[in-house]
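Geometric and topological summary
Next come the chains, spelled out residue by residue.
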Amino acid sequence: REELPTIYKCPYQGCTAVYRGADGMKKHIKEHHEEVRERPCPHPGCNKVFMIDRYLQRHVKLIHTEVRNYICD
């Protein structure tokens with residue numbers, strides 16, 4: 001008999017998130033269910049609003065800076 005891996009399902013109603021480890025689940029709950037607050041983009045004229053800090057950071061980097069981690073041919 002093969003042992004199945006432990007999975008962690010988000011306990012919040014309507015949420016379908018599933019993780020392999022408890023740490024991933026804890027981070028998910030913190031970011032998506034407990035610390036839910038709007039994070040507006042700080043750049044003038046940009047009306048984007050994010051619920052997760054890293055999404056805001058990614059937006060600022062990709063849209064409002066010239067920093068690129070790749071080189072086009």
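The numbering scheme is per chain: residues are counted from 1 as the chain's sequence reads. This being a predicted model, a pLDDT of at least 70 is required before a residue's local features are given, and a value of 80 or more before pairs of side-chain atoms are given or counted; all residues contribute to the totals for chains, interfaces and linings. Hydrogens and water molecules were not included; the side-chain quantities draw on all heavy atoms of the structure.

Before going further, it helps to examine the overall build of the protein chain. Looking only at helices and strands, the protein chain has 2 helices and 4 strands in total. Numbering of helices and strands starts at the N terminus; helices are DSSP runs of H or I of at least 4 residues and strands are runs of E of at least 2. Secondary structure elements in the protein chain, listed N-terminal to C-terminal, are β-β-α-β-β-α. Only the C-alpha atoms count toward the radius of gyration. The rule for a globule is 2.2 Å times the residue count to the power 0.38. Over its C-alpha atoms the protein chain spans a radius of gyration of 17 Å, topping by over 25% the 11 Å that the globule rule assigns to 73 residues. Expressed as lengths along the three principal axes of its C-alpha atoms, the size of the protein chain is roughly 55 × 35 × 20 Å. Across the 73 residues that make up the protein chain, the buried fraction comes to 16%. Pairs at least 24 apart in sequence give 1% of the contacts found in the protein chain among residues at least 6 apart. Working note: accessible area of the protein chain is about 6,700 Å², and carbon and sulfur atoms make up 51% of it. Only protein chains enter the accessibility calculation, which uses a 1.4 Å probe; a residue is then buried when its area is under 20% of its type maximum, exposed when over 50%, and partly exposed in between. Any pair of residues with heavy atoms lying within 4.5 Å of one another is described as a contacting pair. Reported accessibility uses the Shrake-Rupley method at a 1.4 Å probe radius. Residues are deemed covered only where the shown protein chains occlude them.

Attention now moves to helix α1 (residues 22-34). For α1, every residue scored as buried is listed here: M25, H28 and I29. Across the axial projection of α1, the buried residues extend over an arc of 100°, all falling on one side. Opposite the buried face of α1, at more than 90 degrees from it, the exposed residues are D23, K26 and E34. The elements touched by buried residues of α1 are β1 (8-9) and β2 (18-19). To be clear, the arc concerns the directions from the helix axis to the C-beta atoms.

What follows is about the pattern of salt bridges. Two side chains of opposite charge can pair, provided their charged atoms sit close to one another. Salt bridges are identified by distance alone: a Lys or Arg side-chain nitrogen within 4 Å of an Asp or Glu carboxyl oxygen. Overall, the coordinates contain 2 salt bridges when judged by the stated rule. For E31, the salt bridge is made with R54, and the minimal N-O distance between the two is 2.8 Å. On the criterion of sequence distance, the pair formed by E31 in helix α1 and R54 in helix α2 (residues 53-64) is long-range, its members being 23 residues apart. As a salt-bridge pair, R39 and D53 come within 2.5 Å of each other at their nearest N and O atoms. Taken together, the positions of R39 in strand β3 (residues 39-40) and D53 in helix α2 put the pair 14 residues apart, joining distant regions of the chain. Look at D53 and you get partly exposed, because its relative accessible area is 38%.

With that out of the way, let us pick up the domain arrangement of the protein chain. For each domain, the first and last residues come from an automatic or database assignment. Split by domain assignment, the protein chain resolves into domain 1 (1-35) and domain 2 (36-72). For domain 1 and domain 2, the distance between their C-alpha centroids amounts to 26 Å. Facing 6 residues of domain 1, the contacting portion of domain 2 comprises 6 residues. Carbon and sulfur atoms make up 42% of the area that domain 1 and domain 2 hide from each other, which totals about 450 Å². The tally of links from domain 1 across to domain 2 stands at 1 salt bridge. The quantity reported as buried area is the accessible area (1.4 Å probe) lost by two parts once they are put together, taken as the sum for both.

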